[in-house]
Amino acid sequence: MADQHYEWTVVQSTKPLADADREAILANPVFGTKFTDHQVIVTWTEELGWHDARVEPYGPIMMDPAAAVLHYGQEIFEGIKAYRHQDGSIWTFRPTANAQRLQRSAHRMALPEVPVEIFVESLRQLIAVDGAWVPQPVNEKTLYIRPFEIAAETFLGVRPAARAEYRVIASPVGPYFTGGLKPVKIWIALDSSRAGKHGTGEAKTGGNYAASLLAQSEGYENGCSQVMFLDAETGTHIEELGGMNLFFVYADGHVATPSLDGNILRGITRDSVITLIRDRGITVEERLISLDEVREGINSGAIIEVFACGTAAVITPVGQLKSRLEVIGAEDQQPGELTTSLRAELTGIQYGTVADRHGWMHKLAD
Ligand SMILES: *Cc1c(COP(=O)(O)O)cnc(C)c1O
């Protein structure tokens with residue numbers, strides 16, 4: 001099983017974007033708006049398992065209106081980036097961790113698990129044809145890669161689909177938040193949860209995002225760009241943002257982050273940041289963190305930095321926390337010292353300018 005070999009078919013686009021048009025996009029990429037010339041597709045059926053691995057021109061999915069994903073939301077995804085190094089080579093970050101997380105998400109959502117080998121090879125295959133879409137390493141530009149899996153069986157019955165598709169698309173990106181490394185304001189969701197006990201909070205599935213959007217709109221209306229969710233059971237503990245994990249830096253020198261309680265997404269950036277902080281000899285506690293503790297800590301000065309992290313935004317300083325009941329923290333906060341230096345270290349590893357001492361980088365192309 002582990003040594004099963006998959007043949008890849010590549011159908012080159014006959015209408016790739018002209019070099020000048022591609023370069024114009026790469027000069028000023030806007031997150032998630034433009035896509036490369038190709039996509040990866042691998043099909044799974046109950047009879048054949050994973051088969052027909054291929055690279056095809058980018059284009060719409062022809063799908064029956066009765067396809068299961070459109071009705072019952074069996075969908076999971078990943079987010080991973082390709083970084084160009086100074087010598088022109090193209091690398092990605094901890095792809096095996098993403099592959100394993102996609103498998104855990106698949107298990108939870110009753111989808112077939114994409115073998116790790118297919119996942120990693122799919123990134124290589126896409127970069128082999130679309131490598132020119134990986135921007136030069138300036139202004140934190142990268143190629144954001146979006147692997148995803150959907151239930152593709154034409155069937156309205158409620159059961160795990162007998163046909164699934166794994167696809168990979170990619171989109172060049174600049175910094176996730178426009179406006180530089182400015183602390184983001186966070187809206188605390190008091191009236192909606194993104195995940196409940198034994199729910200799907202740990203799976204990277206579209207439904208979790210759908211569940212977060214109402215609170216996000218509320219946040220936007222109140223001048224906040226991200227939403228913080230509390231635990232659904234008691235509404236007292238901090239879980240995470242809609243798409244990023246959270247860290248709190250204490251004046252006494254330790255750092256704390258909410259423990260993985262089954263509702264929180266196991267961020268690969270979260271895991272990497274914990275390692276980088278511990279490398280510095282700083283204690284990182286993974287534990288319950290209540291909103292009360294954070295409020296008191298920020299007000300008393302016991303908490304000196306808050307930051308969020310994820311592949312898309314890397315590490316982002318958090319400024320004010322707001323809800324319909326209160327405002328926590330000052331309006332004019334500056335990014336903290338640890339936040340800033342961790343960010344520089346992690347992006348340095350990813351762009352190949354800081355030693356990769358944990359073997360996190362994986363080469364996709366020379
Ligand atoms: C993807 C995601 C994260 C961040 O995970 P990374 O692996 O660091 O990109 C955090 N929270 C949620 C809800 C996510 O979907």
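Everything quoted here is computed from the prediction, not taken from an experiment.

**Quick word on the domain arrangement of the chain**
Reports of interface size often rely on the accessible area that becomes lost once the parts have come together.
So, point 1. With domains assigned, the chain is organised as domain 1 (8-173) and domain 2 (184-351).
So, point 2. Opposite the 26 residues of domain 1 that make contact, domain 2 presents 22 residues.
So, point 3. When domain 1 packs against domain 2, the two sides together hide about 2,100 Å² of surface, and 56% of this comes from carbon and sulfur.
So, point 4. The interface formed by domain 1 and domain 2 includes two salt bridges.
So, point 5. Between Glu140 and Arg343 there is a salt bridge whose closest N-O contact spans 2.4 Å.
So, point 6. At the junction of domain 1 with domain 2, the criterion picks out 16 residue pairs in polar contact (both at pLDDT 80 or more).
So, point 7. Of all the secondary structure elements, the ones that give two or more residues to the side of domain 1 that touches domain 2 are strand 4 (75-77), strand 5 (80-84), helix 3 (95-108) and strand 7 (142-151).
So, point 8. For the side of domain 1 that touches domain 2, the element with the highest residue contribution is helix 3, accounting for six residues.

**Here's the deal with helix 4 (residues 116-130)**
So, point 1. Over its 15 residues, helix 4 runs 21 Å from end to end, which matches the ideal 21 Å to within 8%, given 1.5 Å per residue.
So, point 2. Along helix 4, the residues classified as buried are Ile118, Phe119, Val120, Ser122, Leu123, Gln125, Leu126, Ile127 and Asp130.

**Side note on the site of the ligand**
So, point 1. Around the ligand, a shell composed of 15 residues is seen, among which Lys204, Tyr209, Glu240, Thr269 and Thr311 lie nearest.
So, point 2. Contact distances for the ligand include 2.7 Å between an oxygen atom and a side-chain N or O atom of Arg101.
So, point 3. Here Glu240 contributes a side-chain N or O atom positioned 2.5 Å from a nitrogen atom of the ligand.
So, point 4. Grouping the amino acids of the shell around the ligand by side-chain chemistry returns four nonpolar, seven polar and four charged.

**Considering the packing of helix 6 (residues 268-279) against helix 8 (residues 337-350)**
So, point 1. In the contact formed by helix 6 and helix 8, the axes pass within 11 Å of each other and the chain directions differ by 110°. In this view, helix 6 runs roughly perpendicular relative to helix 8, as classed from their interaxial angle. For the element pair helix 6 and helix 8, the recorded crossing hand is right-handed. Along the contact surface, helix 6 presents Thr269, Val273, Leu276 and Ile277, while helix 8 presents Leu342, Glu345, Leu346 and Ile349.
So, point 2. Of the residues in the contact of helix 6 with helix 8, the class split is six nonpolar, one polar and one charged.

**Structural notes on the pattern of salt bridges**
So, point 1. If you walk through the whole model with that rule in mind, you get 25 salt bridges.
So, point 2. The closest approach of N and O atoms between Glu121 and Arg124, which form a salt bridge, is 2.9 Å. Here Glu121 and its partner Arg124 are both found in helix 4, three residues apart, which amounts to about one turn of the helix.
So, point 3. With a shortest N-O distance of 2.9 Å, Glu293 and Arg287 are connected by a salt bridge.
So, point 4. Of the residues examined, Arg287 reaches a relative accessible area of 22% and is grouped as partly exposed.
So, point 5. Among the charged side chains, a salt-bridge network with shared partners connects Asp279, Arg280, Glu345 and Arg357.

**Some points on the side chain of Asn98**
So, point 1. Topologically, Asn98 is positioned in helix 3.
So, point 2. Setting aside residues up to four positions removed in sequence, Asn98 forms contacts with Glu78, Gly79, Ile80, Phe93, Phe119 and Ile268.

**Quick look at the packing of aromatic side chains**
So, point 1. The full count for this structure, using the stated rule, is seven aromatic pairs.
So, point 2. Ring geometry for Phe77 against Tyr209: centres 5.4 Å apart, planes inclined by 65°, an arrangement best described as edge-to-face. Taken together, the residues span a long stretch of sequence, with Phe77 in strand 4 and Tyr209 in helix 5 (residues 206-221) at a distance of 132 residues.
So, point 3. Judged by relative accessible area, Phe77 falls into the buried class, the value being 6%.
So, point 4. The interplanar angle of 85° and the centroid separation of 5.5 Å between the aromatic rings of Tyr83 and Tyr351 together place this pair among those described as edge-to-face. In this pair, Tyr83 sits in strand 5 while Tyr351 sits in the loop between helix 8 and strand 18 (361-365), placing the two residues 268 residues apart along the sequence. Residue Tyr83 shares its accessibility class with Tyr351, and that shared class is buried.

Conventions adopted
- By convention here, each chain's residues receive numbers from 1 onward along its written sequence.
- Only residues with pLDDT of 70 or above have their local features reported here, since the model is predicted, and side-chain atom pairs are shown and tallied only from 80 upward, although totals for entire chains, interfaces and linings are computed over all residues.
- The side-chain quantities take in all heavy atoms of the structure and omit both hydrogens and water.
- Segment limits for the domains were obtained from an automatic or database-derived domain assignment.
- Any pair of residues with heavy atoms lying within 4.5 Å of one another is described as a contacting pair.
- The term buried area means the drop in 1.4 Å probe accessible area that two parts suffer when joined, counted for both and summed.
- The term salt bridge refers to a pairing of a side-chain nitrogen on Lys or Arg with a carboxyl oxygen on Asp or Glu at a separation within 4 Å.
- Whenever two N or O atoms come within 3.5 Å, that pair is a polar contact, provided that in protein one can donate a hydrogen and the other can accept it, and provided that, for residues adjacent in sequence, both atoms are side-chain atoms.
- Helical segments are the DSSP runs of H or I of at least four residues, strand segments are the runs of E of at least two, and each set is numbered from the N terminus.
- One less than the number of residues in a helix, times 1.5 Å, gives the span that helix is expected to have.
- Exposure is judged per residue with a 1.4 Å probe applied to protein chains only, and the accessible area is read against the type maximum: over 50% gives exposed, under 20% gives buried, and values in between give partly exposed.
- What makes a residue near a molecule or strand is one non-hydrogen atom of that residue sitting within 4 Å of it.
- For this classification, Asp, Glu, Lys and Arg are treated as charged, while Ala, Val, Leu, Ile, Met, Phe, Trp, Tyr, Cys and Pro are nonpolar and the rest, including Gly, are polar.
- Lines fitted to C-alpha atoms define the axes here, with helix axes fitted over just the stretch in contact, and angles between the N-to-C directions of these axes take values from 0 to 180 degrees.
- Note on terminology: angles under 35 degrees are roughly parallel, angles over 145 are roughly antiparallel, angles of 65 to 115 are roughly perpendicular, and the others are oblique.
- The crossing is said to be left-handed when, going from far helix to near helix, the turn is anticlockwise and less than a right angle, and right-handed when the turn is clockwise.
- Stacked, tilted and edge-to-face are the three classes assigned to paired rings of Phe, Tyr and Trp, where Trp is represented by its six-membered ring and a pair needs centres within 6.5 Å; plane angles under 30 degrees give stacked, over 60 edge-to-face, the rest tilted.

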